[in-house]
Amino acid sequence: MKLYTNAHSRGNTVLPLLKELEIEDQVDIIQVDYANLNQPEYLALNPMAKLPFLVDQGSVISETPAIFAYLADKYIEKGFAPTLNDPKRGEYLKWLFFCHGPLTEFMDIKSLGVSAEQIQEKRRSLAFGTEQSVYRFIQSGLGQANPYLLGDRISAADLFLAYWLIYAISFKIVPYLDEFKPFIQMVQKRETVKDIAWIQMI
Ligand SMILES: N[C@@H](CCC(=O)N[C@@H](CS)C(=O)NCC(=O)O)C(=O)O
């Protein structure tokens, strides 16, 4: 497999997953400058001209949560994804999709400086609804976490949510609410991320 990424890209979130799955030796890391993403060789792989993307046996997997889901399924024996017939799988997918959908939209809208009044006015068509509903959803999920989102085993969804929260909190898009702390601190203590500066920066 080849993972196309660079030091500034959200491809950084995939690197600890490779460690967690113990597959670092099976993935070549290809460094690509953002400035080169519009070259034909990269556009042929990802017409979005974005990083990261993973290539496995001729298939191109772009979109970070798709890479998470793909790798966790490919190495399902490592326990980072519930199996197909596990009822927890629906909740697992819910968290991956929530982070990539409503949470990402919310963060983009906030970082663009859209006012609370505009958000309120457009809330029915915005995927995240309101700021309050985003926090309520995460607080409720973490309130039921035991200690991970799906119970006593960590999954790729925990890693993905933790990265998004750490990123959003460090950029002051989201406040570091008390309800987030035990979960984030638990993920920060994992051996695979202890040397990753941006994950430890809050
Ligand atoms: N939806 C994509 C977004 C990827 C994305 O926005 N990547 C940024 C880096 S974090 C990028 O490649 N930016 C380079 C550019 O737009 O020139 C995902 O989740 O993987």
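These figures come from a predicted structure and were not determined experimentally. Each chain carries its own residue numbering, running from 1 in the written order of its sequence. Local features in a predicted model are, by the rule used here, given only for residues with pLDDT of at least 70; side-chain atom pairs are given and counted only at 80 or more, and totals for whole chains, interfaces and linings are based on all residues. Based on all heavy atoms of the structure, the side-chain values leave hydrogens and waters out of the count.

Draft legend 1. Looking closely at the overall build of the protein chain. When helices and strands are tallied, the protein chain shows eight helices and four strands. Note on method: radius of gyration uses C-alpha positions; expected globular size equals 2.2 Å times residues raised to 0.38. Over its C-alpha trace the protein chain gives a radius of gyration of 17 Å, about what one expects of a compact globule, namely 17 Å for 202 residues. In this scheme, a residue with accessible area under 20% of its type's maximum is buried, one over 50% is exposed, and one in between is partly exposed, where area comes from a 1.4 Å probe on protein chains only. Per-residue burial for the protein chain yields a buried fraction of 48% across its 202 residues. In the protein chain, 63% of the contacts between residues at least 6 apart in sequence involve partners at least 24 apart. Numbering of helices and strands runs from the N terminus, with a helix taken as a DSSP run of H or I at least four residues long and a strand as a DSSP run of E at least two residues long. Contacts are assigned to residue pairs with any non-hydrogen atoms lying within 4.5 Å of each other.

Draft legend 2. Geometry of the pattern of salt bridges. Just to be clear on terms, a salt bridge is a Lys or Arg side-chain nitrogen sitting within 4 Å of an Asp or Glu carboxyl oxygen. Per the counting criterion, the structure on display carries seven salt bridges. When the shortest N-O distance is used, the salt bridge between R190 and E20 registers 2.7 Å. Taken together, the residues span a long stretch of sequence, with R190 in the segment after α8 (181-188) and E20 in helix α1 (residues 14-20) at a distance of 170 residues. We classify E20 as buried; its relative accessible area is 11%. E131 is the partner of K110 in a salt bridge, and the nearest nitrogen-oxygen pair spans 3.1 Å. Separated by 21 residues along the polypeptide, K110 in helix α4 (residues 88-111) and E131 in helix α6 (residues 131-144) bring together distant segments of the chain. A relative accessible area of 26% places E131 in the partly exposed class. One network of salt bridges, with partners in common, ties together E191, K194 and D195.

Draft legend 3. Highlighting unusual backbone geometry. The omega torsion across L51 and P52 is 0°, close enough to zero to call that bond cis. Inspection of the secondary structure assignment puts P52 in the loop between α2 (40-43) and β3 (53-56). Its identity as a non-glycine residue notwithstanding, E22 has a phi of 60°, on the positive side. For E22, the position within the fold is in the loop between α1 and β2 (28-31). If you check the backbone angles, K172 has positive phi at about 60° while not being a glycine. Looking at where K172 falls in the secondary structure, it is placed in the loop between α7 (156-170) and α8.

Draft legend 4. Region of interest: the domain arrangement of the protein chain. Domain boundaries assigned for the protein chain yield domain 1 (2-78) and domain 2 (88-193). On a C-alpha basis, the centres of domain 1 and domain 2 stand 22 Å from each other. Between domain 1 and domain 2, the residue contacts involve 14 residues of the former and 13 residues of the latter. Three residues stand out in domain 1 for area buried against domain 2, namely E20, P65 and F68, and they jointly supply 41% of the buried area on that side. Linking domain 1 with domain 2 are two salt bridges. The partner of R89 in a salt bridge is D73, and the shortest N-O contact between them spans 2.9 Å. Note that the domain bounds were set by an automatic or database domain assignment. Buried area is a sum: the accessible area each of two parts loses on coming together, probed at 1.4 Å, counted once for each and added.

Draft legend 5. Looking closely at a nonpolar patch on the surface. Judged by side-chain polarity, Y167, F171 and M201 come together as a nonpolar surface patch covering roughly 320 Å² of accessible area. Residue placement: F171 occurs in the loop between α7 and α8. A relative accessible area of 52% means that F171 is categorised as exposed. Residues enter patches when they are more than 30% accessible in relative terms and free of salt bridges; like-charged ones are connected within 9 Å and nonpolar ones (Val, Leu, Ile, Met, Phe, Trp, Tyr) within 5 Å. Only the protein chains shown count as cover for residues, with accessible areas throughout obtained via the Shrake-Rupley method and a probe of 1.4 Å.

Draft legend 6. Structural context of the layout of surface pockets. The distinction between a cavity and a pocket rests on a 1 Å grid over the protein atoms alone: a 1.4 Å probe fits inside a cavity but cannot get out, while a pocket stays open yet meets protein on both sides within 12 Å along at least five of seven lines, and a residue with an atom within 4 Å of a point counts as lining. Grid points are joined across faces, edges and corners, and a volume is the space filled by probe spheres set on the points. Taken as a whole, the largest pocket encloses approximately 780 Å³ of empty space. As for the largest pocket, its lining consists of 32 residues, and the residues nearest its centre are S9, R10, L51, W164 and Y167. All amino acids are sorted into three groups, where Ala, Val, Leu, Ile, Met, Phe, Trp, Tyr, Cys and Pro are nonpolar, Asp, Glu, Lys and Arg are charged, and the leftover types, Gly among them, are polar. By residue class, the composition of the lining of the largest pocket is 17 nonpolar, 11 polar and four charged. Both domains that furnish three or more residues to the lining of the largest pocket are identified here as domain 1 (2-78) and domain 2 (88-193).

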